[in-house]
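# Architecture and fold: a report
Chain by chain, the residues run as shown.
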Amino acid sequence: MPNRALAKREEARLFEAYERVLSGGGFPNPERAGCPGNEVLKAMALRRLGPEDVLNWIDHLGTCSPCFREYAVFRRQVEWRKRAAYLSMAAAVIIVVLSFGLWKWRAGPQPVITAHNHVIADLTKPLVLRGDQGPGKGPLVFPRGFDDVTFLLPEGTRVGTYEVAIFRQESGEPLIRASANASIERSLTTLKVTFDLSRISPGDYLVGIRPLGTDWGYYPVIMR
């Protein structure tokens, strides 16, 4: 603490000396007689010189405009770096706080859609993804809530037990899975399942259908 207090007092003396230099017309010192050199001035500005070494150069800085100008430049750089470090630290703290708040918001309870919907999903004609060209119709549309879905399967699909699941576009593990028996109704193979889609986010998904023990067949679906 004593060294730090002394450094502050001496810096005040430096600026008083600077005022004398300005008001008195300056001390040009073109020969740079007795100047400590750039490294010493920089060390003083960075507070890397001990009190005794600082005292050795106080009077010189008060009578040498070039030295004091160099010292003042170094001090401004030091102060700018301190402010930049404080701003960077403050920005980092703000980012952490905002990230934590966003995580809490996402992890918190999301609104649950409780609507009960009855949906007909016609798969008797080809379905196409958005932007695809060619014959067929657009993706299926499932409203979010509790959906009783009646799938009208393509012609020639056999009856039996089927598994139905909702996947993300990149496939992977099913988000929701159900199973039911397909039967013939009005000459169509019909599969009726119930999905709880109340917690599914809106967006593009895939619905997969397969007889037990076989590969999935995928169809595009939009959650609204």
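A brief look at the structure comes next. (Residues numbered from 1 in each chain as written. Predicted model: local features only at pLDDT ≥ 70, side-chain atom pairs only at ≥ 80, totals over all residues. Heavy atoms only, no water.)

## Some thoughts on the nonpolar core
Applicable threshold: We call a set of buried residues a nonpolar core when its members are Ala, Val, Leu, Ile, Met, Phe, Trp, Tyr or Cys and they connect through side-chain atoms within 4.5 Å of each other. Under the scheme applied here, a residue whose accessible area is under 20% of the maximum for its type counts as buried, over 50% as exposed, and between as partly exposed, the area being computed with a 1.4 Å probe on protein chains only. Helical segments are the DSSP runs of H or I of at least four residues, strand segments are the runs of E of at least two, and each set is numbered from the N terminus. Residues are treated as being in contact if the distance between any of their heavy atoms lies within 4.5 Å.
Residues Leu 140, Phe 142, Phe 151, Ile 166, Leu 191, Val 193 and Phe 195 are the most contacted members of the largest nonpolar core, which totals 26 residues. Taken together, the elements giving at least two residues each to this core come down to β1 (116–122), β2 (140–142), β3 (146–152), β4 (160–168), β5 (171–185), β6 (188–196), β7 (203–211) and β8 (217–223). In terms of residue count, the dominant contributor to this core is β5 (4 residues). Setting aside residues no more than four positions away along its own chain, Leu 140 makes contact with Ala 121, Asp 122, Leu 123, Leu 127, Phe 151, Val 207, Pro 220, Val 221 and Ile 222.

## Describing the environment of Arg 75
Our working rule: For the purposes of these results, a polar contact is taken to be a pair of N or O atoms within 3.5 Å, where, inside protein, one atom must be able to donate a hydrogen and its partner to accept one; residues adjacent in sequence count only when each atom of the pair is a side-chain atom.
Its location among the elements puts Arg 75 in helix α4 (residues 65–107). Distance in space between the C-alpha atoms of Arg 75 and Leu 46 is 7.4 Å, their sequence separation being 29 residues. Looking at Arg 75, its side chain comes within polar contact range of the side chain of Glu 79, at 2.6 Å.

## Some remarks on a nonpolar patch on the surface
To be explicit about the condition: A patch consists of residues exposed above 30% relative accessible area that lack any salt bridge, with like charges linked at up to 9 Å and nonpolar side chains (Val, Leu, Ile, Met, Phe, Trp, Tyr) linked at up to 5 Å. The Shrake-Rupley method, run with a 1.4 Å probe sphere, supplies the accessible areas, and residue values consider only the shown protein chains as cover. Here, a salt bridge means any Lys or Arg side-chain nitrogen found within 4 Å of an Asp or Glu carboxyl oxygen.
Among the surface-exposed residues, Met 89, Val 93 and Val 97 lie close enough to one another that they form a single nonpolar patch of about 300 Å² accessible area. The topology assignment puts Met 89 in helix α4.

## Description of the pairing of β8
Let me state the cut-off plainly: A pair of strands is treated as paired once DSSP finds two or more bridges between them.
Summarising the sheet, β2 and β8 pair through 3 bridges and their orientation is parallel. Note on β8: the bridge partner recorded for Leu 140 is Val 221. Here 7 bridges tie β7 to β8, and the two strands are oriented antiparallel to one another. If you follow Gly 203 over to β8, its bridge partner there is Met 223. As consecutive antiparallel partners, β7 and β8 are separated by 5 residues, and within that stretch Gly 213 has a phi angle of approximately 85°, a positive value.

## Some remarks on the pattern of salt bridges
Using the criterion set out here, one finds 5 salt bridges in the structure. Between Arg 177 and Glu 163 there is a salt bridge, and its shortest N-O distance comes to 2.4 Å. Here the residue Arg 177 occupies a position in strand β5, and Glu 163 occupies one in strand β4, the gap between them amounting to 14 residues. Notably, a salt bridge pairs Lys 192 with Glu 185, separated by 3.7 Å at the nearest N-O pair. Using a relative accessible area of 48% as the deciding quantity, one classes Lys 192 as partly exposed. A single network of salt bridges, built from pairs that share partners, joins Glu 163, Arg 177 and Arg 210.

## Digging into the side chain of Glu 163
Judged by its relative accessible area of 10%, Glu 163 is buried. Leave out the neighbours within four places in its chain, and Glu 163 touches Arg 177, Ala 178, Ser 179, Gly 208, Ile 209, Arg 210, Leu 212 and Trp 216.

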